[in-house]
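Listed below are the residues making up each chain.
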Amino acid sequence: GAVVSQHPSWVICKSGTSVKIECRSLDFQATTMFWYRQFPKQSLMLMATSNEGSKATYEQGVEKDKFLINHASLTLSTLTVTSAHPEDSSFYICSARVSGRASDTQYFGPGTRLTVL
Amino acid sequence: GQNIDQPTEMTATEGAIVQINCTYQTSGFNGLFWYQQHAGEAPTFLSYNVLDGLEEKGRFSSFLSRSKGYSYLLLKELQMKDSASYLCATNTGFQKLVFGTGTRLLVSP
């Protein structure tokens, strides 16, 4: 149980285009999902917290107009990187918190590697 | 503020025991997690400690001392497949995890 999928697993795009990444909880409902970014040899940095049916909460320094998050259902959150630039190239990972578990354990998706040319 | 420190790299030999330390200073604390991450892959959950003491799970054990802001992950009977990064993360409340920079462990034959 507690499987999280991401799509696509990798994407290469031209500078200025937008890229949408999907995060799905496959066998459980996730009222809260999280989006992280990880640069090479660095740790995960939380970008935003995505709550079903409400606006996402962004961490300090993350542009909400550039990284659009939509959490339309209990099993799907999407991250859209708008007008991507080479500096946005990174490994984007989503996670989901299993509702009702006191430990707040997060289960991670397999990640999406974005390369912006 | 949030500050989590781990050693950057460690090396060990197959069959040995290794201890990865983590110290933390966070404005809120609601538990400490250890995750394993292989290169190019997402982290996988290893352990969770919310109370002081040692939690053992097979070859992996995790220890927490809240008064000292200290945790360690103990890996026994090391295998080549244990070569990975090990991430310490604290739950600061509000469901947020703050991750350390990770410790890259290299297991050699």
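Residues numbered from 1 in each chain as written. Chains lettered and ligands numbered in written order. Predicted model: local features only at pLDDT ≥ 70, side-chain atom pairs only at ≥ 80, totals over all residues. Heavy atoms only, no water.

### Concerning the overall build of chain B
Helix and strand counts for chain B stand at 0 helices and 11 strands. Moving toward the C terminus, one meets the helices and strands of chain B in the order β-β-β-β-β-β-β-β-β-β-β. Here the C-alpha radius of gyration of chain B, 13 Å, is about what a compact globule of 109 residues would show, namely 13 Å. Expressed along its principal axes, the backbone C-alpha trace of chain B runs to roughly 40 × 30 × 20 Å. Counting only residues that meet the buried cut, chain B has 48% of its 109 residues in that class. For chain B, restricting intrachain contacts to residue pairs at least 6 apart in sequence, the fraction spanning at least 24 positions comes to 54%. For chain B, the distance from the average position of its 8 positive side-chain charges to the average position of its 9 negative side-chain charges is 5 Å. (Helix = DSSP H or I, 4+ residues; strand = E, 2+ residues; numbered from the N terminus. Rg over C-alpha atoms; globule rule 2.2 N^0.38 Å. Buried < 20%, exposed > 50% of the residue type's maximum accessible area, 1.4 Å probe, protein only. Contact = heavy atoms within 4.5 Å. Lys, Arg positive; Asp, Glu negative; His and termini not counted. Charge placed at Lys NZ, Arg CZ, Asp CG, Glu CD.)

### Regarding the pairing of strand E9 (residues 90–97) of chain A
Residues and elements named next belong to chain A. When you tally the buried positions in E9, you get 8 out of 8 residues, the bulk of the element. The sheet contact formed by E9 and strand E11 (residues 112–116) spans 3 bridges and is antiparallel. By the bridge assignment, Phe91 is partnered in E11 with Arg113. Here E9 pairs with strand E10 (residues 106–108) via 3 bridges, running antiparallel. Across the sheet, Ser95 pairs through a bridge with Phe108, a residue of E10. (Pairing = 2+ DSSP bridges.)

### A closer look at the interface of chain B and chain A
With 19 residues of chain B at the contact, the number on the chain A side is 23 residues. A combined buried area of about 1600 Å² lies between chain B and chain A, and 54% of that area is made up of carbon and sulfur atoms. The interface formed by chain B and chain A contains 1 salt bridge. Among the salt bridges present, the one from Lys96 of chain B reaches Glu59 of chain A, with a minimum N-O distance of 2.8 Å. Taken together, chain B and chain A are joined by 4 residue pairs in polar contact (both at pLDDT 80 or more). Across the side of chain B that touches chain A, the residue classes break down as 9 nonpolar, 7 polar and 3 charged. (Buried area = accessible area lost by both parts, 1.4 Å probe. Salt bridge = Lys/Arg side-chain N within 4 Å of Asp/Glu carboxyl O. Polar contact = N/O pair within 3.5 Å; in protein donor to acceptor, adjacent residues only side chain to side chain. Nonpolar A, V, L, I, M, F, W, Y, C, P; charged D, E, K, R; others polar.)

### So, the sheet that holds strand E6 (residues 53–57) of chain B
Residues and elements named next belong to chain B. Strands sit in the order E1-E3-E8-E7-E6 across an open sheet of 5 strands; the sheet is antiparallel. With partners counted over all chains shown, the strands left at the sheet margins are strand E1 (3–5) and E6, one partner each. Across the sheet, the mean angle from the axis of one strand to that of its neighbour is 15°, orientation sign disregarded. Note that E6 and strand E7 (residues 60–65) share 5 bridges and pair antiparallel. Within the sheet, the bridge partner assigned to Glu55 lies in E7 and is Ser62. (Axes fitted to C-alpha atoms, helices over the stretch in contact; angles between N-to-C directions.)

### Overview of the sheet that holds strand E8 (residues 76–81) of chain A
Residues and elements named next belong to chain A. Read from one edge to the other, the open sheet built from 4 strands follows the order E1-E3-E8-E7, with strand pairing classed as antiparallel. Of all strands in the sheet, those bounded by a partner on one side alone are strand E1 (4–7) and strand E7 (67–73). For this sheet, the mean angle separating the axes of adjacent strands, direction not counted, is 15°. The pairing of E7 with E8 spans 5 bridges and is antiparallel.

### Here's the deal with the pattern of salt bridges
Residue and element names in this part refer to chain A. The tally for this structure, following the rule as stated, stands at 7 salt bridges over all chains. In this structure, Arg24 and Glu22 form a salt bridge, with 3.5 Å as the shortest nitrogen-oxygen distance. Take Glu22: its relative accessible area is 25%, and that puts it in the partly exposed class.

### Re the state of the cysteines
Linking two cysteines covalently through their sulfur atoms gives a disulfide. Residues and elements named next belong to chain A. What the rule picks out here adds up to 2 disulfides over all chains. Between the sulfur atoms of Cys23 and its disulfide mate Cys94 the distance is 2.0 Å. Looking down the S-S bond of the Cys23 and Cys94 bridge, the torsion is 80°, so its handedness is right-handed. One end of the pair, Cys23, is in strand E3 (residues 19–25); the other, Cys94, is in strand E9, and 71 residues separate them in sequence. Across the pair, Cys94 and Cys23 agree in class, each one buried. (Disulfide = S-S within 2.5 Å.)

### Let's talk about the nonpolar core
By size, the foremost hydrophobic cluster in this structure holds 27 residues, and its most contacted members are Val4, Phe28, Trp35, Phe67, Leu79, Tyr92 and Leu114 of chain A. Elements with a contribution of two residues or more to this core: strand E2 (10–13), E3, strand E4 (32–38), strand E5 (45–51), E7, E8, E9 and E11 of chain A. Apart from residues lying up to four places away in sequence, Leu114 of chain A is in contact with Val11, Cys13, Val19, Val81, Asp88, Ser89, Ser90 and Tyr92 of chain A. Core analysis: the next-biggest nonpolar cluster, separate from the first, contains 19 residues, Leu64, Leu75, Tyr86 and Leu105 of chain B among them. (Core = buried A, V, L, I, M, F, W, Y, C linked by side-chain atoms within 4.5 Å.)

Fair warning: the whole summary comes from geometry, so function is off the table for now.
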